[in-house]
Structure formats: C-alpha cells, structure tokens
Amino acid sequence: MNEPIEPAFKTNPNKDYLRRGYDKPIIRGWYSAAGRHLDYLGLPGPDMLDIVEWQEFLHRFTAIERRENEQHLLFLRANVKDVEHRLHSLYGEFDKILLTGRDRYDHTPRWPYDLVNLDYFGGLIYQDLARPKALNKLIQNQDEYKRSFLLIITNDLRDGDFVGEKFSFFDELGRRLVRDSGKEETILKAIDRFKASSTPDAARQTVYTNVLLRDCGESAHFRVKCRPAIVYAGTGGTKMVHYVTEFHHSPRGYRAVSEQSLIQIVNLGYRELRDGQLVESDAIPRIN
Ligand SMILES: C[S@@+](CC[C@H](N)C(=O)[O-])C[C@H]1O[C@@H](n2cnc3c(N)ncnc32)[C@H](O)[C@@H]1O
C-alpha cells in the first residue's frame, strides 16, 4: 500500500520559524564544533528553502526527491542560486534509497554526511516499519565512516500504526525501565498513562521516536543526544512533529553509552509551537 501522493510542498510560518529560529543555531553550533563546512543529505524540495537558509554552513548537498517535476524544479533553482556544482541529486523514495543504497537510476548517496534533514509527508511507523529500518541503516552507514552527524526529522503526527507497534513498544519500554531503575510501581503507572486513550498520541510517538534513535545510535557506536520534540501545525493544518538529534561517534566498546538516561529521554516529552513560541505540553506522562 502506498501513501497517497501529496500536493507540492508549500512552506508556512511555523516551518519558517523552525528552519531559521530553531534548527539554524543548532546547525551553526555543529558547524563550529566540526571546524569545517557540512555535507548535507536531505529532502529539500524544489525551493531548497533549508539549503538556502543554512547555506553558509554547508559544503556539498545530496537532495532526494521522489517527484519528477519537483526534481526538475530543484535543478532550476540550484542553477539560479549558483549552487548547481554542489548539488548531487537522487531520485526515488528516501527510505528505499537509504535501505538499498541506490536510487531509481542506480546512483548512490555520497557517504558520509554531517547533516541529514529528513523532512517528509507521512508518518514514521507506517506499513512494514520500512522507515525505522531505513533510519537504522542510515545510522549504520554513518558508523562505517565513523562520522558524527546531526539528524533532523520532520514528519506527520498521523503515523498509520495499524498493528499496535507503539503499544508493544511501551510494554517493552516498561520492562526495560523497571530493570534499570527498580521503581516498578511508578514505572508501570506511567506506562499505563502513556497507553491510555486520553493521552495524546503525540506523547507516545515522540517517546517512540527518541528511544528508537537512541537505541539505533548506541548500537552503532554513537552517543545520542535527543531533544524534546516540537509539535506544530503545518501547511493546511496538518499536525507535524520535528526532532533534532545529535549522534556523536564513540568507537570504543561494543555499544556506546549516551549521557541521557532512558528515563530522561522519556521525560523529554514534546513542546508545541504556537505563534513563534515554544509551549511546554502538560499532557505528557512523566516518570518521577
Ligand atoms: C516537506 S518538503 C521539504 C521542505 C524543505 N526541507 C524545507 O525546509 O522547506 C519534502 C520534499 O520531499 C519530497 N518527498 C516527500 N516524501 C518523500 C519520500 N518519501 N521520498 C522522497 N521524496 C519525498 C516531496 O516531494 C517534497 O518536495
């Protein structure tokens, strides 16, 4: 089953704020720490608004696009902006490209990257977990090159979790947290609250994604720093969620150990972006 083909992307004030006011200072910090311009992989869309906004920090960029028309516009835009020589373009579904390492024309990404911006329509979990698997593959590829990177993900809050993936995830998370902390009663109560229908799905989805990123990162030798997710209304009122996560390569040992504990990750929760302000959500179950 394919997702319905979406209309061409149009930006909106929340998205503009995130690109400029939220992501950009983090990217600037990453660029300063790296001491060089960053190699970008992402879904910039035909207007390349992210590449244009962050251009001063970027070296070369690989743009993935699945719509032929948009890809054509992207080349035109790159030409007008005089950055065509830095643009490498891949054509097809990003999850397939990450999983198989090839696009529809057998072209490959130019590993490794410093900044990956996966900004797409549709959810994370949908279908056969192809997207979580694709993210895992991306992280493993970065490990092969021992390259730390910043991963930005923006997707739809509606996630097509038809098989109850998140519910089994929370059961397993509960067992892990009890094992780690021994606070059985508190943890199980929080897990029940996460699973309750009165809890917004955003609370479940943000914990699911941050824990997934941390687990995939640590097993591929990255110390992972997660941030609270940001929930906002995208173009046409679609609820979107935005994550910016640091992957610090740490080659010693079988598995990396992040500074944030699993409980801290769960308690990060999410914030809502409203009229240019980030507002803490009070609907999130927390573990004390
Ligand atoms: C949301 S727009 C990118 C916006 C841009 N990053 C910005 O900051 O303004 C996403 C672009 O990626 C394409 N796209 C969406 N889902 C995709 C997928 N699964 N695989 C490949 N391209 C996709 C869309 O056609 C669109 O041009």
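Now for a quick tour of the structure.

Between two packed helices, the angle of one axis relative to the other and the distance separating the axes together describe the packing. Two elements in contact, helix α6 (residues 165–181) and helix α7 (residues 184–195), have axes separated by 9 Å at closest approach and are oriented at 165°. By the angle class used here, α6 and α7 are roughly antiparallel. Like other packed secondary-structure pairs, α6 and α7 cross with a definite hand, here right-handed. Taking contact as the criterion, the partners of Phe167, Phe170, Leu173, Gly174, Leu177, Val178 and Ser181 in α6 are, on α7, Glu184, Ile187, Leu188, Ile191, Phe194 and Lys195.

Another point: the nonpolar core. Where a protein is soluble and globular, its nonpolar side chains tend to be buried together. In terms of nonpolar packing, the biggest core is built from 65 residues, with Val116 and Ile230 touching the most fellow members. If near-sequence neighbours (up to four positions away) are discounted, Val116 is found in contact with Leu41, Gly42, Leu138, Phe149, Leu151 and Ile152.

This next bit is on the site of the ligand. The environment of the ligand is made up of 20 residues, and the closest members are Leu43, Gly45, Asp50, Arg66 and Tyr120. Residue assignment for the shell around the ligand shows that the elements contributing at least two residues are α2 (49–54), β2 (58–65) and β4 (115–119).

Of the consecutive residues Trp111 and Pro112, the connecting peptide bond is found in the cis state with omega at -5°. Take Pro112: it is sitting in the loop between α4 (94–100) and β4. Even without a glycine there, the phi angle at Met48 is positive, about 50°. With respect to the helices and strands, Met48 occurs in the loop between β1 (38–42) and α2. In this structure, His221 is a non-glycine residue whose phi angle is positive, near 70°.

Secondary-structure assignment places Ile64 in strand β2. Sequence separation of Ile64 and Phe94 is 30 residues, and the distance between their C-alpha atoms is 6.4 Å. Those residues in contact with Ile64, other than ones at most four positions away along the chain, are Leu43, Leu90, Phe94 and Ile97.

This brings us to the pairing of β1. Among the five residues that make up β1, four are buried, leaving the element largely enclosed by the rest of the structure. Of the pairings in the sheet, the one linking β1 to β2 comprises four bridges and is parallel in character. By the bridge assignment for β2, Gly42 is matched with Ala63. Handedness of the β1-α2-β2 crossover: right-handed. As judged from the three bridges shared by β1 and β4, these two strands associate in the parallel manner.

Time to look at the environment of Asn210. You can see Asn210 is positioned in helix α8 (residues 201–219). By C-beta crowding, Asn210 is classed as buried, having 25 other C-beta atoms within 10 Å. In sequence terms Asn210 and Leu262 are 52 residues apart; their C-alpha atoms lie 9.7 Å from each other. Beyond its immediate chain neighbours, meaning those up to four positions away, Asn210 contacts Cys226, Ile265 and Leu268.

In this model, α8 (19 residues) spans 27 Å end to end at C-alpha, consistent with the 27 Å of a helix rising 1.5 Å per residue. Listed in full, the buried residues belonging to α8 are Ala203, Arg204, Gln205, Thr206, Val207, Tyr208, Thr209, Asn210, Leu213, Arg214, Cys216 and Gly217. Downstream of α8 by a residue or two, His221 has a phi angle that is positive, lying close to 70°.

With that settled, consider the pairing of strand β8 (residues 239–249). Most of β8 sits out of view: eight of its eleven residues are buried. Two strands pair when backbone bridges link them, and strand β5 (residues 149–156) and β8 are joined in this way by eight bridges, in the antiparallel orientation. Bridged to Leu151 within β8 is Thr245. With four bridges connecting them, strand β6 (residues 222–225) and β8 associate as antiparallel partners. When the bridges of β8 are listed, Lys225 appears paired with Glu246.

Before going further, it helps to examine the environment of Arg20. Topologically, Arg20 is positioned in helix α1 (residues 13–34). In sequence terms Arg20 and Trp54 are 34 residues apart; their C-alpha atoms lie 8.3 Å from each other.

The rules behind these values
- Residues numbered from 1 in each chain as written.
- Predicted model: local features only at pLDDT ≥ 70, side-chain atom pairs only at ≥ 80, totals over all residues.
- Axes fitted to C-alpha atoms, helices over the stretch in contact; angles between N-to-C directions.
- Helix = DSSP H or I, 4+ residues; strand = E, 2+ residues; numbered from the N terminus.
- Parallel < 35°, antiparallel > 145°, perpendicular 65-115°, else oblique.
- Left-handed = near helix turned anticlockwise from the far one by under 90°.
- Contact = placed C-beta atoms within 7 Å.
- Core = buried A, V, L, I, M, F, W, Y, C linked by C-beta atoms within 7 Å.
- Buried ≥ 20, exposed ≤ 12 C-beta atoms within 10 Å, placed from the backbone.
- Near = placed C-beta within 6 Å.
- Pairing = 2+ DSSP bridges.
- Right-handed = clockwise from strand over helix to strand, strands pointing away.
- Expected span 1.5 Å × (residues − 1).

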